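# Geometric and topological summary
Each chain is listed here by its residues.
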Amino acid sequence: MIELIDTHCHIQSIGATGGEAVTTKQWGKLEDTNISRVVAEAKEAGVGKLISVGCDHSDSHLAIKLASEYPNVWASIGIHPHEAKDYVNNNEIKMSFASLVSRPKVVAIGECGLDYFYEHSNPDDQRQVLEFQLNLASKHNLPIIFHVREAFNDFWPILDNFNGIKGVLHSFTDSQANLKKAIDRGLFVGVNGIATFTKDSSQIDMYKSIPLNNLLLETDSPFLSPVPHRGQVNTPKNVRLVAEYLANLRGQSLEDIASQTTLNALSLFGL
Ligand SMILES: [Zn+2]
């Protein structure tokens, strides 16, 4: 029996009115917006544990609520770099967000980081809100789920200002050089459906070279459906397709990929 963990999904906003707007809208395209069905289907596919990841205050709140209702779902609370502009000068909402950290089943901070590809918030605001969350993780000894896109040159010096931060670079698609920097710092690397449809040969080589001890699997659902489900709403059961793809690409057995990535997730998040 294969046992997998989806270390990064956003199922808390299925059928919700609040939550992160783009994500909630994407879930709206699902034929049947029933969270318990989505969780049950994942379990049937061998994806028995899920981490539901928040992108802002209300979205994180939903993740905590969902985790309280399902024994096999945990929550991560975060302010996505896209949302940084709404938090950077608002101490009240930052304090209210920080108070969520002690709620039951909160196992990580994130997703947080820097995104200079979209730049929905200005880089300065993004850096400040990232540092706020690094401090929070440090204080509570929690791992971080990082979202870093086209911003590694700024990211590494900020991270290196903090001691002993554990975490994962979620949806990692970057260079071998940045992979090496991640490994050197003991970070994990999260791989999702992008691996199954990218045509970029250097990226495919990078996926082959991630040490199994540093690899985590994720879906980022409802986004990034793997082959052969492109164009559909992604759900956590599809983490199995990512595992199968990587097993084939890396010449490893599905059992080996599953058991080590599951161990990695259990140790990082303390599930
Ligand atoms: Zn995400």
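Predicted, not measured: the structure shown is a model, and the values here were computed from it. (Residues numbered from 1 in each chain as written. Predicted model: local features only at pLDDT ≥ 70, side-chain atom pairs only at ≥ 80, totals over all residues. Heavy atoms only, no water.)

### Examining the overall build of the protein
Per the secondary structure count, the protein includes 11 helices and eight strands. By the compact-globule yardstick of 18 Å for 271 residues, the protein fits well, its C-alpha radius of gyration being 17 Å. Structurally, the protein occupies a C-alpha span of about 50 × 40 × 30 Å along its principal axes. Buried positions account for 58% of the 271 residues belonging to the protein. (Helix = DSSP H or I, 4+ residues; strand = E, 2+ residues; numbered from the N terminus. Rg over C-alpha atoms; globule rule 2.2 N^0.38 Å. Buried < 20%, exposed > 50% of the residue type's maximum accessible area, 1.4 Å probe, protein only.)

### Some remarks on the environment of N178
If you trace the backbone, N178 turns up in helix α7 (residues 176-184). In sequence terms N178 and N153 are 25 residues apart; their C-alpha atoms lie 9.4 Å from each other. In this structure the side chain of N178 is engaged in a polar contact, spanning 2.9 Å, whose partner is the side chain of D174. (Polar contact = N/O pair within 3.5 Å; in protein donor to acceptor, adjacent residues only side chain to side chain.)

### Here's the deal with the coordination of the zinc ion
For the zinc ion, the full set of protein donor atoms is H8 (NE2), H10 (NE2), E111 (OE) and D220 (OD), and the range of their distances to it is 2.1 to 2.2 Å. Each of the four donor atoms around the zinc ion contributes to a set of angles spanning 81 to 176 degrees, which defines the coordination as irregular. All donors of the zinc ion come from a single chain, and their spacing in sequence reads H-x1-H-x100-E-x108-D. Placement of the pair is H10 in the loop between β1 (4-9) and α1 (21-27) and D220 in the loop between β8 (215-217) and α10 (239-250), with a sequence separation of 210 residues. In this pair, the class of H10 matches that of D220, namely buried. (Donors = N, O, S within 2.8 Å, 3.2 Å for Na, K, Ca; no water. Tetrahedral: all angles 85-135°; square planar, octahedral: opposite > 155°, others 65-115°.)

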